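Listed here are the chains, written in short residue letters.
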Amino acid sequence: MALLAGTALSAAAQDTLTVGANIGNVPWEFQDESGEFVGFEIDLVAAVAERLGAEVETVNIPFNGLFSAVQSGRIDIATSSITITDERLESVSFAQPYYDSDQSLTALAEGPASLAEMEGKVVGVDTGSTGDMWATEQAETYGFADIRRYEGLAPAMLDLQAGRIDGYVSDIPALQYYVRDKPQLEVVERIPTGETYSMMFAKDAELATQVNAVLDELKTEGVLAELHEKWFGVAPDEGSSTVTVLPMPALD
C-alpha cells in the first residue's frame, strides 16, 4: 500500500478535485429524482477521490466543452464515457481504460431497423463525440440525408420520438440502459468500433498518473467489477478493461 500512501500524500495539496461531466449521460452521470448526480462514473470518481484523500466537485459541462475545460485547467478531470483516441492523446492525457464499448443505432420501434435503412434519413449524434466522427466519416456510405448534432442524449431522444430525426448514433451501453423501459425505442444495430473509455486530464498532468495507480487498486480489489454489476446488472466480461490492469494510454 506504499504506492497509495504516496499518491494520497501528493494529492494532499489539492483537497478538492473539480470534475467536468456531461450530466444526462446515462448510466454514467445523470440526475436522480432528487436531483443528485449519480451514475457509474460518479461512483468511480468518488472511489478514486477517497483514495487520494480529496473531495469532489462535479461541474455540468456539455460533452464538446470538456476538452477545452480540462486543457485550460478549469477542471481537473473530465468524465462522460470518453473514448481514448490517438487524436485526443495528442492534446490530453488519459488514465488506463475501464470500459470496453461500441457505437449503436437507436430508432423508434417502428422506424429504421438497421443502418441500411437509414439511406436518405436524418441521423442524430452528440457534438464532437466518436459517434459524430463515425457518422461524418460514413455519411456517404450509408447515404444519410443530414447529421444533426446535440449536446447530450436527452434532447436527441426528444427529437427522435418527435420524428425530427430518424436514428441516433451513440455509445451502446448508454442507449441499452436508456431504452430498457421504453418499448417505443429500440437499439437496432451495434456498430463495432472497439472503443475504450477512461478519465481525461490535461496533457501530462501528474494527476493522471496518480489516478492510474488508484485504478490499478480498484480493479485488483474488484471495486470496478462491483460498480459494473450495480449499474449494468451483470458482471463485467472476463478479460475486459473493467477488470484488467492496463498501462496508461500513450501515442505509438
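Residues numbered from 1 in each chain as written. Predicted model: local features only at pLDDT ≥ 70, side-chain atom pairs only at ≥ 80, totals over all residues. Heavy atoms only, no water.

K.L.:
Mind laying out the overall build of the protein, listing which residues take part and the relevant values?
P.N.:
Scanning the protein from terminus to terminus reveals nine helices and 11 strands. Taking 252 residues into account, the globule formula puts the C-alpha radius of gyration at 18 Å, and the protein, at 18 Å, falls close to it. Here the C-alpha coordinates of the protein stretch approximately 60 × 35 × 35 Å along the principal axes. A burial count over the protein gives 51% of its 252 residues as buried. When contacts within the protein are restricted to residue pairs at least 6 apart in sequence, long-range pairs at least 24 apart make up 74% of them. Here the protein displays about 11200 Å² of accessible surface, and carbon together with sulfur accounts for 49% of that area. With 13 positive and 42 negative side-chain charges, the protein shows a separation of 5 Å between the mean positions of the two kinds. (Helix = DSSP H or I, 4+ residues; strand = E, 2+ residues; numbered from the N terminus. Rg over C-alpha atoms; globule rule 2.2 N^0.38 Å. Buried < 20%, exposed > 50% of the residue type's maximum accessible area, 1.4 Å probe, protein only. Contact = heavy atoms within 4.5 Å. Areas by Shrake-Rupley, 256 points an atom, 1.4 Å probe, with all protein chains shown as cover. Lys, Arg positive; Asp, Glu negative; His and termini not counted. Charge placed at Lys NZ, Arg CZ, Asp CG, Glu CD.)

K.L.:
Talk me through empty space enclosed by the protein; I want residue IDs and the actual numbers.
P.N.:
Per the stated rule, a full pass over the model turns up one cavity of 30 Å³ or more. Of the pockets and cavities examined, the largest cavity occupies roughly 150 Å³. Taken together, 17 residues make up the lining of the largest cavity; nearest its centre are F63, S81, D126, S129 and D171. Only β5 (77–83), α5 (130–142) and β10 (167–171) provide two or more residues apiece to the lining of the largest cavity. Tallying contributions element by element places β5 first for the lining of the largest cavity, with three residues. (1 Å grid on protein atoms, 1.4 Å probe; cavity = no way out; pocket = protein on both sides within 12 Å on 5 of 7 lines; lining within 4 Å. Points joined across faces, edges and corners; volume = space filled by probe spheres on them.)

K.L.:
An account of the packing of aromatic side chains is needed here, citing residue identities and associated values.
P.N.:
Tallied over the full model, the rule gives 13 aromatic pairs. Considering the side-chain rings of W28 and F40, the 5.3 Å spacing of their centres and the 80 degrees angle between planes classify their relative orientation as edge-to-face. With W28 in the loop between β1 (16–21) and β2 (30–31) and F40 in helix α2 (residues 40–52), the pair connects residues that are 12 residues apart, well separated along the chain. The exposure classification of W28 matches that of F40, with both residues buried. (Phe/Tyr/Trp six-rings, centres within 6.5 Å; stacked < 30°, edge-to-face > 60°.)

K.L.:
Just give me the short version of a negative patch on the surface, but keep the residues and values in it.
P.N.:
Negative charge collects at one region of the surface, where D86, E87, E90 and D252 lie side by side. Locating E90 in the fold gives a position in the loop between α4 (86–89) and β6 (92–94). (Patch = residues over 30% accessible without salt bridge, like charges linked within 9 Å, V, L, I, M, F, W, Y side chains within 5 Å. Salt bridge = Lys/Arg side-chain N within 4 Å of Asp/Glu carboxyl O.)

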